[in-house]
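The primary structure of each chain is shown beneath.
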Amino acid sequence: MRIAVFGLGYVGSVSAACLASRGHQVIGVDVNRAKVELIARGQAPVVEERIGELTAEVVASGALRAITSVAEAIASSDISLVCVGTPSAPNGSLSTTYLERVAEEIGGALAGLERWHTVVFRSTMLPGTCTNLLIPILEKASGKTAGVGFGVAVNPEFLREGSSVRDFFDPPKTVIGEYDPTSGDLVAALYEGLPGDVFRVPIPVAEMTKYADNSFHGLKIAFANEIGAICHALGLDSHRVMDVFVSDRKLNISRAYLRPGFAFGGSCLPKDLRGLVYAASRADVSVPLLSHVLPSNEDHLRRTFDLVAAIGKRRVGLFGLSFKPGTDDLRESPLVELAERLLGKGYDLRIYDANVALAHLVGANRDYIDSRLPHLGELLTNSVEDVLAHAEVCVVGCTDPAVLEALETAGDRTIIDLVRLPDAEARRATEGYVGLGW
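- Per an unreviewed UniProt entry, the chain carries the name UDP-glucose 6-dehydrogenase and comes from Micromonospora rhizosphaerae.
- Among the UniProt annotations of the chain, the heading Sequence similarities (unreviewed entry) holds the following wording: "Belongs to the UDP-glucose/GDP-mannose dehydrogenase family."
- Reading the Pathway (unreviewed entry) entry of the UniProt record for the chain gives the comment "Nucleotide-sugar biosynthesis; UDP-alpha-D-glucuronate biosynthesis; UDP-alpha-D-glucuronate from UDP-alpha-D-glucose: step 1/1."

Okay, structure coming up:
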C-alpha cells in the first residue's frame, strides 16, 4: 500500500519506518526540513531503540523517503496517517492547531484527486475532534463529502517512548475508529498479521481509548506510590506488598471492577478505604488519590439522584437494594443511600429485591437498616409487578430475571439503568431510557 505519514516525531517516524519494513511504500511528510534531510540520509529524527537501524534499512531499500510537499504526498499515496502533535496548555486544553493546518492542506490536495484516498488521524485528540472539527475542514477544503469522496478513520497509537518499535510489532491491541467501512478495511490491512485484538468502533470511541489508557496508567502509578508512602511510614517493604497485590490476576490485575456502573458499597470497601486513609493521616502521609476515592464514589451516587430529580416525576420504583447481587447485605449499600435521599426529598418510593426480606435481616445488617431506613417494611414488596405498577420512574439496580421480565412491559415509564441492562444498546435509542454511564 502507498502511505503518506504526516509529522515525523516519535509516532510518525516510528510508524513510517515500521510500515515500510512491512512492505509498504511510505512517504514521510514534515515542515521541518532537518527531519526530512535526516530521513533522506537514512537517519531517524528521534533516538529510540532499533529505530536507527530500521530507518537505514528501509531508506536504503527505497521503501521510505521524506518530502515537505503535502500535494506531492497525497498524489503519490492511497492513505494518509496524520501523526502531528497536539500539545496541551497549562490548563489542560488541547491545541489542535497543527491538526487543523494539516487537515486543510490535505483537503486542498484532495480537491484535485479523482481516486479514493483515506485520511487516518493517529494523533491523540479528545472525542468529537475528528467529527466536529477535522472532517468539516477536510470537506470544505476538498469540496468533497467524507465517506463519499474520501475516507476518514482514527487509529490511536499505543507506543511507549523507549520501546515504540517493539510496541508497534507487538501491540496490546489495534483500535480503528471508522467513518466508513472502506476506510476501516484499509487501516485493518496495515496491521494484518500483528498480534492483539482488533477493535473497529465509532470514531469518538477510538478517540477516547487513548485517554482511558493513559489515565489508568497514571492512576496505577499514583496508587502504587501512595501505597509505597504509607508502607514506608509504617516500616513495611512496599515492594513485597505490591508483589502480593499484582499476583492476584482474578480481581486486582484483571477485568474485575472495570465496568462503569453504580457506586460501590458494602461492609468492606468503604470501611477499609477510610481505615487506610486514617492510618496515612496519623502517619502524616498525604494520599490525595486514596483520600478522594470515597468522595468520587459519593459524586457518582449524587449523579444518580440528580437523574431521578431531572425527570420531574414523584412515584419511583427501585429494583434492587442490597450492595451486591445475590446477597441481602444492606450495610453501606449505595442503593439504600439512594432510597434514603429519595424519601428525604418526598418521593413516593416502592422497592423490590428478591434477596431482601425484612424478617430475615439480623445482627449488624438489621441494625444498619433500622438506622437508615426504619420504614423499610412499608416500602419493600416481594412483587416486582406491584413496584412496576406504582412507578413512573424505574431505577434499576439489579439484573434479577423477574426484574428483566417486568421491564419488558414498562411501556412509557422512564428507566434509569444503573447496571447496564442486557438490552441497553437497543434501549439507548428509545425515549425514556437513561444509562448512568453509557
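**Topic: the domain arrangement of the chain**
So, point 1. When cut into domains, the chain gives domain 1 (2-202) and domain 2 (296-435).
So, point 2. When each unit is reduced to the centre of its C-alpha atoms, the spacing between domain 1 and domain 2 is 48 Å.

**Re the UniProt feature "binding site: substrate" (unreviewed entry) in the chain**
So, point 1. Per the UniProt record, "binding site: substrate" (unreviewed entry) is found at Phe158, Leu159, Arg160, Glu161, Lys210, Tyr257, Leu258, Arg259, Pro260, Gly261, Gly265 and Lys324. On the basis of their most widely separated C-alpha atoms, the annotated residues across 167 residues do not gather in one place, lying as much as 41.5 Å apart.
So, point 2. Structurally, the position occupied by arginine 259 is in the loop between helix H10 (238-247) and helix H11 (269-282).
So, point 3. Its place among the elements puts proline 260 in the loop between H10 and H11.
So, point 4. The class of proline 260 is exposed, set by a relative accessible area of 58%.
So, point 5. Apart from the residues lying within four places of it in its own chain, the contact partners of proline 260 are Gly437 and Trp438.

**Thoughts on the packing of helix H9 (residues 203-233) against H10**
So, point 1. Axis separation between H9 and H10 bottoms out at 9 Å; the angle between their running directions is 135°. In this view, H9 runs oblique relative to H10, as classed from their interaxial angle. Considering how the two elements wind past one another, H9 and H10 form a crossing that is right-handed. Each of Phe223, Ala224, Ile227, Gly228 and Cys231 in H9 lies in contact with H10, whose residues at this interface are Ser238, Val241, Met242 and Phe245.
So, point 2. Residues that form the contact of H9 with H10 fall into these classes: seven nonpolar, two polar and no charged.

**A closer look at the pattern of salt bridges**
So, point 1. Considering all chains together, one arrives at 24 salt bridges under this definition.
So, point 2. Residue lysine 210 pairs with glutamate 157 through a salt bridge whose shortest N-O separation is 2.7 Å. Note that lysine 210 is positioned in helix H9 and glutamate 157 in the loop between strand E6 (151-154) and helix H7 (164-169), a separation of 53 residues in sequence.
So, point 3. Residue class for lysine 210 comes out buried when judged on its relative accessible area of 10%.
So, point 4. According to the relative accessible area criterion, glutamate 157 is buried, its value standing at 8%.
So, point 5. Ionic pairing is found between arginine 427 and aspartate 423, a salt bridge with its closest N-O pair at 3.0 Å.

**Things to note about the nonpolar core**
So, point 1. Judged by nonpolar contacts, the single largest core of 48 residues is most densely connected at Leu318, Phe319, Ile351, Leu376 and Val395.
So, point 2. If one sorts the elements of this core by residue count, helix H14 (residues 334-344) sits on top with five residues.
So, point 3. For leucine 318, the residues in contact, after removing those within four places along its chain, are Leu335, Leu338, Ala339, Leu349, Arg350, Ile351, Tyr352, Val387 and Val395.
So, point 4. Membership of the second largest hydrophobic core comes to 35 residues, among which are Val58, Cys83, Phe168 and Leu190.

**A short note on the packing of H14 against helix H15 (residues 363-372)**
So, point 1. Between H14 and H15, the shortest axis-to-axis distance is 10 Å and the interhelical angle comes to 20°. The angle between the axes of H14 and H15 places the two elements in the roughly parallel class. At the point where H14 passes H15, the crossing takes the right-handed sense. Between H14 and H15, the residues in contact are Val336, Glu337 and Glu340 and Tyr368, Ile369 and Arg372, respectively.

**A closer look at H11**
So, point 1. Taking 1.5 Å as the rise per residue, H11 with 14 residues should run 20 Å; its terminal C-alpha atoms sit 20 Å apart, in good agreement.
So, point 2. Looking at H11, one finds that the buried residues are Pro270, Leu273 and Ala280. Projection of H11 onto a plane perpendicular to its axis shows the buried side chains occupying an angular sector of 95°, all on one side. The outward face of H11, more than 90 degrees from its buried face, is lined by the exposed residues Tyr278 and Arg282.

**What to know about the sheet that holds strand E2 (residues 25-29)**
Within a sheet, adjacent strands bond to each other through the backbone by hydrogen bonds, running parallel or antiparallel.
So, point 1. On the basis of which strands lie adjacent, the open sheet formed by eight strands has the order E3-E2-E1-E4-E5-E6-E7-E8 and mixed pairing. Strand pairing shows two members of the sheet lacking a second neighbour, strand E3 (64-67) and strand E8 (197-201), which therefore form its edges. Going from strand to strand, the sheet's axes swing by 25° on average, the running direction of each strand aside.
So, point 2. Direction of pairing for strand E1 (residues 2-6) relative to E2: parallel, over a ladder of five bridges. Residue pairing in the sheet places arginine 2 in a bridge with glutamine 25 of E2.
So, point 3. Strand contacts of H9: E6, strand E7 (173-178) and E8, with the helix running at about 145° to E7, the strand carrying the most contacts.

Calculation criteria
Residues numbered from 1 in each chain as written. Predicted model: local features only at pLDDT ≥ 70, side-chain atom pairs only at ≥ 80, totals over all residues. Heavy atoms only, no water. UniProt positions renumbered as here; feature names shortened; annotations may be inferred. Domains from an automatic or database assignment. Helix = DSSP H or I, 4+ residues; strand = E, 2+ residues; numbered from the N terminus. Buried < 20%, exposed > 50% of the residue type's maximum accessible area, 1.4 Å probe, protein only. Contact = heavy atoms within 4.5 Å. Axes fitted to C-alpha atoms, helices over the stretch in contact; angles between N-to-C directions. Parallel < 35°, antiparallel > 145°, perpendicular 65-115°, else oblique. Left-handed = near helix turned anticlockwise from the far one by under 90°. Nonpolar A, V, L, I, M, F, W, Y, C, P; charged D, E, K, R; others polar. Salt bridge = Lys/Arg side-chain N within 4 Å of Asp/Glu carboxyl O. Core = buried A, V, L, I, M, F, W, Y, C linked by side-chain atoms within 4.5 Å. Expected span 1.5 Å × (residues − 1). Arc of directions from axis to C-beta. Pairing = 2+ DSSP bridges.

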